[in-house]
Amino acid sequence: MVSNNIEDLVLGTRLISAHSAYLSLFSNMATDFALTESANALSPKDMLTLPRPGAPLPNDIGDLAIVPITTHSFQDRKSHDSLSIVALGDGYTYDIPLPDGGDAFWLDSRTIAHVVTKDDTQSLYIIPISTSPLSSSPSSHLGTFPITTASAFRYNLSAQRLMFSAYVYPDGLVETVKEQDTAYENRGDSGLVYDETFDRHWDKWNGPKSKALIGVSLAKVGAKWVLGQTYVNSSPVEPFGEAGDYDISQAHVIFTAKDPQLPRAMHTRQNIYLVAHDGNDLRQLTSGIQGATRSPVFSPSGDKVAWLELALDGYESDRAKVVIYDLNRDVRFTITEDWDRSPDSIIFSPSSTLIYATTGDHARIKIFAMAVPPTPSSNSAQTTQPTALTFSGSISGFTPIPGGRATFALSSLTSPNEVYELSGLEATEQDLLAGRNADVKATLTRLTSFSSVGLQGKDLSPGKDFWFKGTAEGQDTHGYVITPPGFERGVNGKWPAVMLIHGGPQGAWYDQWQMWCNPNVFASQGYVVVAINPTGSTSFGQKFTDGINKNWGGRPIQDLLMGWKYILQEYPEIDQNRTVAAGGSYGGYAINWIQGNPELGFGFKALVCLNGTFDTTYNGYATDELFFFNHEWGGRPWDPAAFEASQKYNPAYTVAKWSTPQLTIHTSKDYRIPESDGIAAFHALQQLGVPSRLLIFTDENHLVINAGNSLKWHHEVFRWFDQFIGLS
């Protein structure tokens, strides 16, 4: 086709010229680019080969804990699993290699159960443990499950009951799963037919199976453990089925499940159910008008249960409140009505008189304790004043143990998980129960050093908090500065800088170890790292979190800009001609929005967009969880108010102004933000003649998990930045 339009010819000439310059740029790209690796720098490979400990699981008497650990080797390109037995108190460890991986949990104080999936069979083994010295005996085979999807195991010794989550067909029977699997796999086609939404979720297309909570007897008869042969489906309603989504007592199971009467993709409402071990006497404990629920737990006394409950259906980041249900008096009451924080998980104290809540607070994940008040006469809401017991780092897996102690994992900006013990909790409990403001007398002790060898000599920045006046009324906005090895104040204009933008958008940069966008990995490549928690971030109060609603490209972006300018003024050591930015998920959206609004004046020389939204309105149709868009933008994508809001802050309609070199990374199994968004952004940049590159991982979901892929990810990100702001 020949054009007679002179403007088309001029535009075509400009595009050809730009494309030629673009090809020239890439033909001159350094082929010898290498990541910085030195004794004092944390390279991506260093980070990826560090041990990855999980949270400790203590035994019933509180003298030992097991910690699952995964370590990746780039020599054989495999991840290797092990189980570390930690002596609580002195921190002595004993490691058990697990060449076939698997889940481990305690049966009693000296017996570990180990579940292994191999050769299309899932088997249960037992590992006896001795303490003089700390050691293990060879494992012995106990039995085989009729399925291969058992996970999220919980064992109650007094009930002699093992519970787990597994996928079953509509008949609910684990015994028929393998036969039905064979029939389904040999059905002769690959078609999947859907009559309602929630056709796919996260990284999988939903099929004919769903989760169920399965129970089976597991008892010690004399000196021998015996696994029962009768499996009972204890969940008449499909549960969420993860380890933190249910609990087991002497006679009952408590679990959270999506409301079966509502379309799952359009609602977040989860009910809390109580059911007998045999699956009978199902009892709904929630009101039926709430939003999501999580972390259901029994009190050790057995007369109460508790859970976290969000008020708004459709909003997964609403404030989580602690709800207690008195099973004897049939009364439900909220105890954190006026506490402006949102716990992630809860657990009762051994005395059942306190609740411990793992909670984000000012960019740390802390442990708070609160007294369980007397049961009121009717369903009600009240406030118990929580008291923080920890003040730095980020905690997971908090578990109280006998003797006024607790154990948990704690990570920080400078360390992956290590096992810690908190002792002396009796005094805190006495203060809280007496109604006094608890003077925290507990002692925090680190027990393990899993990563000490790998981090030896590494010059890691603990991060420096900074606060600035952002767009929020009545409160300042927070961020971290992480400086590179060798950084010194007073040498102006020396250091390049990178802004990292977190996802969520209701998320945060915490004092926490990250496997994705680890700030110290970026700092070790020579960058001053700026990580801001703008409007929409968590741990700073619910109003601050809610402030991003229908405002993605407004207040949060202004906060990022104001924080960025504040840092450039406070740190003249930064070379303002060598600044870049990267963000993932919502952070990727922010990159695309900054790309299309150069008048904001960030001044970045190169950008990296990781699984970011390109077209906000289209995402309301394509994402797996439709409720997310409907809340964030105030309705369905065609509803007038939502359409207007999503169009107002839609990067796709700013493409004409895109001009900054951009690397776009996306993953093919991301059903939250489908890969077409990344491809569209790349195609736009290519047609504009803007230096650009696309990196696709065909086997990853919303996160890049595989260690080899992660190393490639880091290499391409730093190589891209180096092309435009070179570190030399």
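Please read all numbers here as calculations on a predicted model, not as lab measurements. (Residues numbered from 1 in each chain as written. Predicted model: local features only at pLDDT ≥ 70, side-chain atom pairs only at ≥ 80, totals over all residues. Heavy atoms only, no water.)

J.: Any chance you could break down the overall build of the protein for me, citing the residues and the numbers?
T.: If you tally the helices and strands in the protein, you get 14 helices and 42 strands. For a compact globule of 728 residues, the expected C-alpha radius of gyration is about 27 Å, and the protein comes in at 27 Å, within 12% of that figure. Based on the C-alpha atoms only, the size of the protein along its principal axes is roughly 90 × 60 × 55 Å. Taken across its 728 residues, the protein has 57% of its residues classed as buried. Of the contacts made within the protein by residues no fewer than 6 positions apart, 61% connect residues no fewer than 24 positions apart. In the structure as shown, the protein presents an accessible area of about 30,000 Å², 50% of it carried by carbon and sulfur atoms. Where the 53 positive side-chain charges of the protein centre and where its 76 negative ones centre are 3 Å apart. (Helix = DSSP H or I, 4+ residues; strand = E, 2+ residues; numbered from the N terminus. Rg over C-alpha atoms; globule rule 2.2 N^0.38 Å. Buried < 20%, exposed > 50% of the residue type's maximum accessible area, 1.4 Å probe, protein only. Contact = heavy atoms within 4.5 Å. Areas by Shrake-Rupley, 256 points an atom, 1.4 Å probe, with all protein chains shown as cover. Lys, Arg positive; Asp, Glu negative; His and termini not counted. Charge placed at Lys NZ, Arg CZ, Asp CG, Glu CD.)

J.: Residue-level account of the packing of aromatic side chains, with values.
T.: Applying the stated criterion across every chain yields a total of 39 aromatic pairs. Taken together, a centroid distance of 5.1 Å and an interplanar angle of 75° make the contact between W552 and Y589 edge-to-face. Taken together, the positions of W552 in the loop between helix 7 (542–546) and helix 8 (555–570) and Y589 in helix 9 (residues 586–595) put the pair 37 residues apart, joining distant regions of the chain. A connected cluster of aromatic rings, assembled from ring pairs, spans W552, Y586, Y589, W593, F628, F629, W633 and Y649. Lying across the ring of Y246, R154 places its NZ or CZ 5.6 Å from the centre. Cation over ring: K258 sits above F198, and NZ or CZ is 6.0 Å from the ring centre. (Phe/Tyr/Trp six-rings, centres within 6.5 Å; stacked < 30°, edge-to-face > 60°. Lys NZ or Arg CZ within 6 Å of the ring centre and 35° of its normal.)

J.: I'd like to hear about the sheet that holds strand 39 (residues 574–584), residue by residue, with values.
T.: Here eight strands make up an open sheet; going across it, the order is 35-36-38-37-39-40-41-42 and the pairing mixed. Across the chains shown, the open sheet's two edge strands, defined by having one partner strand only, are strand 35 (464–468) and strand 42 (692–697). Across the sheet, the axes of successive neighbouring strands diverge by a mean angle of 20°, strand direction being ignored. Strands in contact with helix 8 are strand 35, strand 36 (477–482), strand 37 (495–501), strand 38 (528–533) and strand 39; relative to strand 35, the strand with the most contacts, it is inclined by about 115°. (Pairing = 2+ DSSP bridges. Axes fitted to C-alpha atoms, helices over the stretch in contact; angles between N-to-C directions.)

J.: Help me get a handle on the side chain of H114, residues and values and all.
T.: Relative to the assigned elements, H114 resides in strand 7 (residues 111–118). Classification of H114 by relative accessible area gives buried; the value is 8%.

J.: Describe the nonpolar core, naming the residues involved and giving the relevant values.
T.: The biggest cluster of nonpolar side chains holds 42 residues, and the ones touching the most others in it are F522, V608, I665, W713 and F721. In terms of residues, this core owes the most to one element, helix 14 (residues 707–725), which gives six residues. For I665, the contacting residues outside a window of four places in its chain are V608, C609, L610, N611, L695, F697, W713 and V717. Membership of the second largest hydrophobic core comes to 40 residues, among which are Y571, I574, I591 and A642. (Core = buried A, V, L, I, M, F, W, Y, C linked by side-chain atoms within 4.5 Å.)

J.: Give me the environment of V608: which residues, what numbers.
T.: Here V608 shows up in strand 40 (residues 606–610). For V608, a relative accessible area of 0% corresponds to the buried category. Sequence spacing of V608 and P386 is 222 residues, and the spatial spacing of their C-alpha atoms is 41 Å. In this structure, V608 is in contact with A581, A582, G583, I591, L663, I665, V717, W720 and F721, ignoring residues within four places of it in sequence.

J.: If you had to explain the sheet that holds strand 25 (residues 331–334) to someone new, which residues and values would you point to?
T.: Spatial ordering of the open sheet is given by 22-23-24-25-29, a layout of five strands whose pairing is mixed. Each having just a single partner strand, strand 22 (293–298) and strand 29 (380–381) make up the two edges of the open sheet. Bridge analysis of strand 24 (residues 320–326) against strand 25 gives four bridges, and the strand direction is antiparallel. Looking at the pairing, D326 lines up with V331 of strand 25.

J.: So, the pattern of salt bridges: which residues are in play, and what are the values?
T.: Side chains carrying opposite charge are able to pair once their charged atoms draw close together. According to the stated counting rule, one finds 28 salt bridges in the structure shown. Ionic pairing is found between E242 and K211, a salt bridge with its closest N-O pair at 2.3 Å. Of the two residues, E242 is situated in the loop between strand 17 (232–233) and strand 18 (246–248) and K211 in strand 15 (residues 210–221); the sequence distance between them amounts to 31 residues. Measuring nitrogen to oxygen at the nearest pair gives 3.4 Å for the salt bridge that ties R693 to E716. Taken together, the residues R693 in strand 42 and E716 in helix 14 connect sequence positions 23 residues apart. Both residues of the pair, R693 and E716, belong to the buried class. Several salt bridges converge on common partners, so that one network encompasses R693, K712, E716 and R719. (Salt bridge = Lys/Arg side-chain N within 4 Å of Asp/Glu carboxyl O.)

J.: Any chance you could break down the side chain of R405 for me, citing the residues and the numbers?
T.: Positionally, R405 belongs in strand 32 (residues 405–412). Assessed through its relative accessible area of 17%, R405 is described here as buried. A polar contact of 3.0 Å, which involves the side chain of R405, links it to the backbone oxygen of P402. Other than its neighbours up to four places away in sequence, R405 contacts I61, G62, L88, P400, E421, L422, S423 and L425. (Polar contact = N/O pair within 3.5 Å; in protein donor to acceptor, adjacent residues only side chain to side chain.)

J.: Can you explain the pairing of strand 6 (residues 103–108)? Please cite residues and give values.
T.: Strand direction decides the pairing type here: strand 6 and strand 7, joined by five bridges, are antiparallel. What sits directly across from D108, in strand 7, is T111. Between strand 6 and strand 7, which pair antiparallel and follow one another directly, the connecting turn spans two residues.

J.: A description of the environment of A531 should follow, citing residues and the corresponding values.
T.: Among the structural elements, A531 can be located in strand 38. According to the relative accessible area criterion, A531 is buried, its value standing at 1%. Separated by 29 residues in the primary sequence, A531 and L560 place their C-alpha atoms 9.1 Å from one another. Setting aside chain neighbours within four positions, we find A531 in contact with G479, Y480, L500 and W509.

J.: Account for helix 14, with residues named and values stated.
T.: Compared with the 27 Å implied by 1.5 Å per residue over 19 residues, the 27 Å span of helix 14 between its first and last C-alpha is a close match. The opening residue of helix 14, the one whose side-chain oxygen lies 2.9 Å from the backbone nitrogen of G708, is N706. (Expected span 1.5 Å × (residues − 1).)

J.: Summarise the pairing of strand 41 (residues 662–667); cite the residues concerned and give the values.
T.: Counted residue by residue, strand 41 has six buried out of six residues, so it is predominantly covered. Every second residue of strand 41 is oriented toward a common face, with Q662, T664 and H666 on one face and L663, I665 and T667 on the other, all of them buried. Across four bridges, strand 40 lies against strand 41 in parallel orientation. Its bridge partner lying in strand 41, L607 is registered against Q662.

J.: So what's going on with unusual backbone geometry? Which residues, and what values?
T.: For the peptide bond that leads from S132 to P133, omega is -5°, which places it in the cis range. Residue P505 is reached from G504 by a cis peptide bond, and omega for that bond is 0°. Secondary-structure assignment places P505 in the loop between strand 37 and helix 6 (519–524). Unusually for a residue other than glycine, H362 sits at a positive phi of about 50°. Checked against the element boundaries, H362 lands in the loop between strand 27 (354–361) and strand 28 (364–371). Residue H362 is classed as partly exposed on the basis of its relative accessible area of 35%. Unlike most non-glycine residues, A363 shows phi in positive territory, near 65°. Within the element layout of this structure, A363 appears in the loop between strand 27 and strand 28.

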